[in-house]
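Here is what each chain is made of, one letter per residue.
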Amino acid sequence: MTTGHAQEQVRHPTFMQYVVVALILFLITIVEFYIIFPHQRITGLPLVVILVGLSAIKFAIVIFFYMHLKFDARLLTWIFLGGLALAFAVGLALLSLFGALRTEAQPRGFAREHRVPYVSDHGEDGAMEPKPGSGSMTGGDAEKLAQGKAVFTGKGTCFACHKIQGVSAGAVGPELTHIGTERAVHKAGMSSEAYIRESIEDPGAFVHPGFPPGVMPANLKTTLTADEFEALVAFLVAQK
Amino acid sequence: MAHAETAHHAEATTTGLNHRKLLMWIFLGSDCMLFGALIATYMVYRGQSIVGPYPVDILNIPVTTISTFVLLCSSFAMVQALAATNRNNQRGIKIWLLATALLGFTFLGFQVYEFYTFSVVEGLFIGTNLFGSTFFTLTGFHGAHVTLGVVWLVSLFIVAFKGRLGPSTALDVELAGLYWHFVDIVWIVIFTLVYLIGGYDAGPVAAGVLTGPIPSVLPV
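Residues numbered from 1 in each chain as written. Chains lettered and ligands numbered in written order. Predicted model: local features only at pLDDT ≥ 70, side-chain atom pairs only at ≥ 80, totals over all residues.

A. Structural detail: the overall build of chain A. Broken down by element type, chain A carries 9 helices and 2 strands. Residues counted as buried form 29% of the 240 residues belonging to chain A. Sequence-distant contacts, at least 24 apart, represent 51% of the contacts inside chain A between residues at least 6 apart. (Helix = DSSP H or I, 4+ residues; strand = E, 2+ residues; numbered from the N terminus. Buried ≥ 20, exposed ≤ 12 C-beta atoms within 10 Å, placed from the backbone. Contact = placed C-beta atoms within 7 Å.)

Here it is in structure tokens:
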């Protein structure tokens, strides 16, 4: 017979409070969905911070209102948060132990050296349709893409300023993770490839909003061989 | 507004708290550690698969968002079931308990659909790659929790159907509710990490490391 019990009964949230809580939870979920679909509107560390923050809010709302810890004995909150804190500590320890505390999912050395192409893995038994854009690619194309990537991350020095998820992390210029998609073309009626070519040959022709003009070197093409330039364009077009 | 325990069989405990409720919270606290370990393992092996399919190839974010909504709705139905029990609203108890169980069952249906699509259709099994191993272990354990929750809710519904639930047995509903909401918050975390943040994870191929086909960014 404690006051805690009596209080708990008196101070359950009302129906309307529960409805408001549910609506907040729905709203946060919709915002989360909007942030990442159909493409990530934010990337990198900010994305992780924002999404983790939003879900932490949902988490707290559920335990304090739906599980009414807010209205219950304080000891129960400490017991639960204690377990949660231990879980966090174990998780962080595991992540740091395995060197996984990074913002991008990059395969580590072993995975890189032992990689197996995805589509050829499934192409033979016909278990699945090849993904659009990845279908009948010849060995020559693949070579070209690899060369283009080498130019991007090497001779062309593009990587220093431009981010492509999983390839580079530059933050000076616009991100190019989805540069090959129609959405990335800022000039009406222009093909993705033509847009990319123009942006390399004459960076001033269109400057992405939010970025200063004159930063991207205008002589980039002259520093590359024709082969290298074509490979770089092919690589960028493939960034869907 | 007399509580079950105070009205009928008041217990003097050293903590002043009901034993069953205390035990439930201790269980939930320790269950956090189970899921913490599973989630951390997923994150450790994230992006380490050397064969496909990778998350970006098969995760269906819109469908999973809908199933997340279903689970959120079931949590709302659960609090209504408890409120109805406290008010001794017999009809409300049955309706809301049934609604909670059905929504939980719907969530399981989504998961069965997802597992079927991933494995039989797309070729991702638990032994295919690190993504498959960690993904199926994590979501499978969560699904098992949901399944147990549905069984619990259906049992409660049967008890309610016999008219045996009311303010004096409200703790029975409350404990099931605590467990059910816990399952919901675990899903909030899984959904955020696996689907929202990790949904675009690709393998070494798409990362451009390999001279091979580049998968599309979005599963269609």
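B. Focus on the overall build of chain B. Helix and strand counts for chain B come out as 7 helices and 0 strands. In chain B, the succession of α and β elements from N to C terminus is α-α-α-α-α-α-α. Per-residue burial for chain B yields a buried fraction of 55% across its 220 residues. Across chain B, every contact between residues at least 6 apart in sequence was considered, and the portion connecting residues at least 24 apart equals 79%.

C. Region of interest: the nonpolar core. Counting residues in hydrophobic clusters, the biggest one holds 80 residues, and the most contacted among them are B:Ile39, B:Ala81, B:Leu97, B:Val186 and B:Ile190. Excluding anything up to four places from it in sequence, B:Ile190 contacts B:Ile39, B:Leu138, B:Thr139 and B:His142. Of all hydrophobic cores here, the second largest spans 19 residues; its members include A:Val167, A:Leu176, A:Val237 and A:Ala238. (Core = buried A, V, L, I, M, F, W, Y, C linked by C-beta atoms within 7 Å.)

D. Layout of the confidence of the model for chain A. Residues and elements named next belong to chain A. Per-residue confidence for chain A gives a mean pLDDT of 77; residues scoring 70 or more make up 78%. Here residues 1-10 is a poorly scored stretch, pLDDT under 50, and it has 16 contacts once near neighbours within four places are set aside; other chains count. Confidence over residues 119-137 falls short of pLDDT 50; this stretch has 28 contacts with residues more than four positions distant or in other chains. (pLDDT = per-residue confidence, 0-100.)

E. The arrangement of unusual backbone geometry in detail. Note that the residue after A:Phe37, namely A:Pro38, is joined by a cis bond; omega there is 5°. Here A:Pro38 is to be found in the loop between α2 (15-36) and α3 (44-66). The phi angle at A:His68 is positive, at roughly 35°, despite the residue not being glycine. Of note, A:His68 is situated in the loop between α3 and α4 (74-97). Overall, A:His68 belongs to the buried group, with 20 C-beta atoms counted inside 10 Å. At B:Asn88, a position not held by glycine, the phi torsion is positive, near 60°.

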